[in-house]
Amino acid sequence: MDPKYSAQDVARCDLCKTAIAQSYCDFCHVNLCKSCIGEHISDEYDKHKIVPILQRKSTLNYPKCEIHQNEVCQYQCKDCNIFVCSHCLASKQHKEHEFLKLEDSFSEKKNHILKDREELEEQILPTYEEIAIDLENQISNLDGEYKKLTSEMSKQREEIHREVDNAFDQMELEIGEIKMKHHSILQKHLDEIKQLQFLMQQTLIALNEIEESNEITSIIHYSSKNEQFSKLPAQVHVSIPKFIPKQREKEQLCSLIGKLTPLSTTLEERVFTAKKATTSVRELLDEPEVLNIIKTGHEYLRTVTCLNEEQIWTSGGTADIKCFNIQGVLQKTMKTKSGRSPNDIAVDRDGALLYTNWKTRTVYKAQNDQTEEIIRLQGWVPVNLCATSSGDLLVTMRSEDKTQSKAVRYSGSTVKQTIQFDEEGQPLYSGNSKIKYISENRNLAICVADLGAGAVVVVNQAGKLRFRYTGPPSSTKNKPFKPYGITTDSQSRILTSDCNNHCIHIIDTGGQFLRYIDYCDLEYPHGLCVDSDDSLFVCEYSKGNVKKIRYSK
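Conventions we followed
- Residues numbered from 1 in each chain as written.
- Predicted model: local features only at pLDDT ≥ 70, side-chain atom pairs only at ≥ 80, totals over all residues.
- Heavy atoms only, no water.
- Helix = DSSP H or I, 4+ residues; strand = E, 2+ residues; numbered from the N terminus.
- Buried < 20%, exposed > 50% of the residue type's maximum accessible area, 1.4 Å probe, protein only.
- Contact = heavy atoms within 4.5 Å.
- Lys, Arg positive; Asp, Glu negative; His and termini not counted.
- Charge placed at Lys NZ, Arg CZ, Asp CG, Glu CD.
- Core = buried A, V, L, I, M, F, W, Y, C linked by side-chain atoms within 4.5 Å.
- Axes fitted to C-alpha atoms, helices over the stretch in contact; angles between N-to-C directions.
- Parallel < 35°, antiparallel > 145°, perpendicular 65-115°, else oblique.
- Left-handed = near helix turned anticlockwise from the far one by under 90°.
- Nonpolar A, V, L, I, M, F, W, Y, C, P; charged D, E, K, R; others polar.
- Salt bridge = Lys/Arg side-chain N within 4 Å of Asp/Glu carboxyl O.
- Pairing = 2+ DSSP bridges.
- Polar contact = N/O pair within 3.5 Å; in protein donor to acceptor, adjacent residues only side chain to side chain.
- Phe/Tyr/Trp six-rings, centres within 6.5 Å; stacked < 30°, edge-to-face > 60°.
- Lys NZ or Arg CZ within 6 Å of the ring centre and 35° of its normal.

Asker: Help me understand the overall build of the protein chain, please; the structure alone is not making it clear to me.
Answerer: For the protein chain, the count of helices and strands is 8 helices and 34 strands. Projected onto the principal axes, the alpha-carbon positions of the protein chain cover approximately 100 × 75 × 40 Å. Per-residue burial for the protein chain yields a buried fraction of 46% across its 553 residues. Across the protein chain, the fraction of contacts at a sequence separation of at least 24, relative to all contacts at a separation of at least 6, is 50%. With 70 positive and 79 negative side-chain charges, the protein chain shows a spacing of 5 Å between the two charge centroids.

Laid out in structure tokens, this is it:
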């Protein structure tokens, strides 16, 4: 079967219209089943060429000669820049001219098209996506940045008597106008990027069509647009205005407040640089293998996270957080500062241990035998967390009345981003669940296992919904999909534990189900993590064991 056909879209015979085609006439360009081959070649036409369907379209479709009607052109005259047949070759018109074989030119151009398509799809277009995400992030962060600006003004306002309120109000209107101008500048550049992305998508579709074509003329006359697309747009830098307070004087009211620096916009030229692939392809194993079983002794083992290549941290239903080496030997035990069991644990890029506690509404950081509070919430309860590749911290949380949930990005203890609603204003996450494990993918997508909704919810770096995964199209499992733990691997695949069905789901970056891990006698899998070699660590909730599993090669 042609690998480009899916199981739902197999190639059918063009004669009988019903049977699956195993062969192909590479001259007439029709699909044929075994029964219809004889009927197709019964006209005794000597140019039929029957090949297996996987080898279809291997015969080149040469253009007809405009001078010798019954001949095809297999050459190109370099001097005249036209296609010629063998009779033209011998004519006086092309005497002492230089010729190219169209088959060689076709192969060379086909390879060039393939490289162009790969460069556009794998290099240039992803670069534009990164640029667009950066602009979207700037736009989404405008409210927070301008809120900081007005807060700084408020400090100055508190020091001045109430009669200066009108002057402050006037300046706030000025900030609003500057913000609108700032937004307009960024949006203009984003719209230009989106337009270029659209043009590249259209070009990619056209390249795929040309790549499948055997028409000599269109292939030979193909002209690459990649050089044009590789000229990246200028990078816009719009600086946030600064509020410069001034010491109070009695003469002029406005001069007491200070001033705002004007909006500053600069364009920085970008140069496209092709990225070298550094990640090798790892294929999924048909039958995953258990490499080791670590007996943690935890009651109700919930979470596991990799400290380094040789050690893991684990936590369960008590205040003890335990560190084991990968052979299963206990290295260290640490008690939580609150004396209560942690909701979740994570390790930041500096090797510090992070954990949450819903009772104290606090996120803690432990390093070098010292524990400190880094985040304390009001009106919200921290649930789960993960450290990102950039050094930020992602925390899922629910409101105290259990009606709302959100994911928040922190830099230290400062809120950088809040992810709560989709573009239509609807909640992204269920509000009633105490469990919402979170993970950042290699493509910077944010993945949340929403137990209450029975779904894996994935948003992009800017917080826009990409997809919801609610289980495979046709499940062989008996119980509803209830995701607990979640992690991602070097191939950007998403792995989530389905506790009730005692298995792991593996999902691709587009939300498509790939396969289960259910050959390893898993029992109530909860927390997950993957090390740098794509070995999977799985918590078995009731047994208190961590299983190390190889699922790819």
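Picking up where we left off.
Asker: Sorry, what's going on with the nonpolar core here?
Answerer: Within soluble globular proteins, side chains that are nonpolar generally end up buried alongside one another. By size, the foremost hydrophobic cluster in this structure holds 48 residues, and its most contacted members are Leu120, Ile124, Leu135, Tyr146, Leu186, Met200 and Leu260. The element contributing the most residues to this core is helix α5 (residues 165-212), with 12 residues. Those residues within four positions of Leu120 in sequence are excluded, and the remaining contacts are Leu125, Pro126, Met200, Thr203, Leu204, Leu207, Asn226 and Phe229. Counting residues in hydrophobic clusters, the runner-up holds 13 residues, among them Leu495, Leu528, Val530 and Ile549.

Asker: Explain the packing of helix α3 (residues 102-140) against α5 here, please?
Answerer: Geometry of a packed helix pair, given as the angle between the helix axes and the separation of the axes. Close contact between α3 and α5 brings their axes to 9 Å; oriented N to C, the two are set at 160 degrees. Judged on the interaxial angle alone, α5 and α3 are roughly antiparallel. Relative to α5, α3 is oriented so that their crossing is left-handed.

Asker: Help me understand the packing of helix α4 (residues 142-158) against α5 in this model?
Answerer: Axis separation between α4 and α5 bottoms out at 11 Å; the angle between their running directions is 165 degrees. Classified by the interaxial angle, the pair formed by α4 and α5 is roughly antiparallel. Both α4 and α5 take part in a crossing whose hand is right-handed. For the pair formed by α4 and α5, the contact residues are Leu142, Asp143, Tyr146, Leu149, Thr150, Met153, Gln156 and Arg157 on the first element and Asp165, Phe168, Asp169, Met171, Glu172, Ile175, Ile178, Lys179, His182, His183 and Leu186 on the second. When grouped by side-chain class, the residues that make up the contact of α4 with α5 number 9 nonpolar, 4 polar and 6 charged.

Asker: How should the pattern of salt bridges be read in this particular structure?
Answerer: Opposite charge on two side chains allows them to pair when their charged atoms are near. Scanning the entire structure with this criterion turns up 24 salt bridges. Ionic pairing is found between Lys436 and Asp450, a salt bridge with its closest N-O pair at 3.7 Å. Of this pair, Lys436 sits in strand β24 (residues 436-440) while Asp450 is found in strand β25 (residues 446-450), placing the two residues 14 residues apart along the sequence. Take Lys436 and Asp450: they sit in the same class, and that class is buried.

Asker: How should the sheet that holds strand β4 (residues 75-77) be read in this particular structure?
Answerer: Paired through their backbone hydrogen bonds, the strands of a sheet run either parallel or antiparallel. Judged by pairing direction, the sheet is antiparallel, and its 3 strands sit side by side in the order β5-β4-β6 without closing on themselves. The outermost strands of the open sheet, each flanked by one partner alone, are β5 (82-84) and β6 (99-101). Put simply, the sheet's adjacent strands are angled 35 degrees from each other on average, direction ignored. Sheet analysis places β4 next to β6, joined by 3 bridges and oriented antiparallel. Along β6, the bridge assignment pairs Gln76 with Leu100. Lying on the sheet, α3 is in contact with β4, β5 and β6; it crosses β6 at an angle near 65 degrees.

Asker: Is there a simple way to explain the sheet that holds strand β29 (residues 494-498) in this structure?
Answerer: Strand order in the open sheet formed by 4 strands is β28-β29-β30-β31, with antiparallel pairing between adjacent strands. Looking at strand neighbours, the two that pair on one side only are β28 (483-488) and β31 (513-517), the edges of this open sheet. On average, adjacent strands in this sheet sit at an angle of 25 degrees to one another, irrespective of strand direction. As defined by bridge partners, β29 adjoins strand β30 (residues 503-507) across 5 bridges and the pair is classed as antiparallel. Pairing of Ile494 across the sheet is with Ile507, part of β30.

Asker: Would you mind showing me how to read the side chain of Ser430 here?
Answerer: One can find Ser430 in the loop between β23 (414-419) and β24. Among the residues examined, Ser430 registers a relative accessible area of 15% and is labelled buried. Side chain to side chain, Ser430 and Asp450 meet in a polar contact 2.6 Å long. When near neighbours in sequence (up to four residues on either side) are disregarded, Ser430 contacts Ser405, Lys436, Asp450, Gly452 and Ala453.

Asker: What is the right way to read the packing of aromatic side chains from this model?
Answerer: The full count for this structure, using the stated rule, is 4 aromatic pairs. Judged by centre distance (5.0 Å) and plane angle (25 degrees), the rings of Tyr355 and Tyr364 are stacked. Take Tyr355 and Tyr364: they sit in the same class, and that class is buried. Its end group placed over the ring of Trp380, Lys406 keeps NZ or CZ at 4.0 Å from the ring centre. We note Lys477 situated over the ring of Tyr516; from NZ or CZ to the ring centre the distance is 4.5 Å.

Asker: Honestly, the environment of Lys402 in this entry has me stumped. Any pointers?
Answerer: Along the chain, Lys402 turns up in the loop between β21 (393-399) and β22 (405-411). It is 29 Å that separates the C-alpha atoms of Lys402 and Gly544, two residues lying 142 residues apart in sequence. Residues within four places of Lys402 in sequence aside, it is in contact with Gly431 and Asn432.

Asker: How do you make sense of unusual backbone geometry when you look at a structure like this?
Answerer: Phi is mostly negative for residues that are not glycine, and the peptide bonds are mostly trans. Even without glycine at this site, Glu96 takes up a positive phi of about 65 degrees. If you check the backbone angles, Asp521 has positive phi at about 55 degrees while not being a glycine. Assignment of secondary structure puts Asp521 in the loop between β31 and β32 (525-530).

Asker: Could you clarify how one ought to interpret the environment of Asp531 in this entry?
Answerer: In this structure, Asp531 sits in the loop between β32 and β33 (535-540). Among residues more than four places away in sequence, those in contact with Asp531 are Cys306, Phe537 and Lys548. A distance of 2.9 Å separates a polar side-chain atom of Asp531 from the backbone nitrogen of Asp533.

Asker: How should the side chain of Arg493 be read in this particular structure?
Answerer: Summarising the element assignment, Arg493 is placed in the loop between β28 and β29. Not counting residues within four places of it along the chain, the set of residues in contact with Arg493 comprises Arg282, Leu284, Thr487, Thr488, Ile506, Ile507, Leu514, Tyr551 and Ser552.

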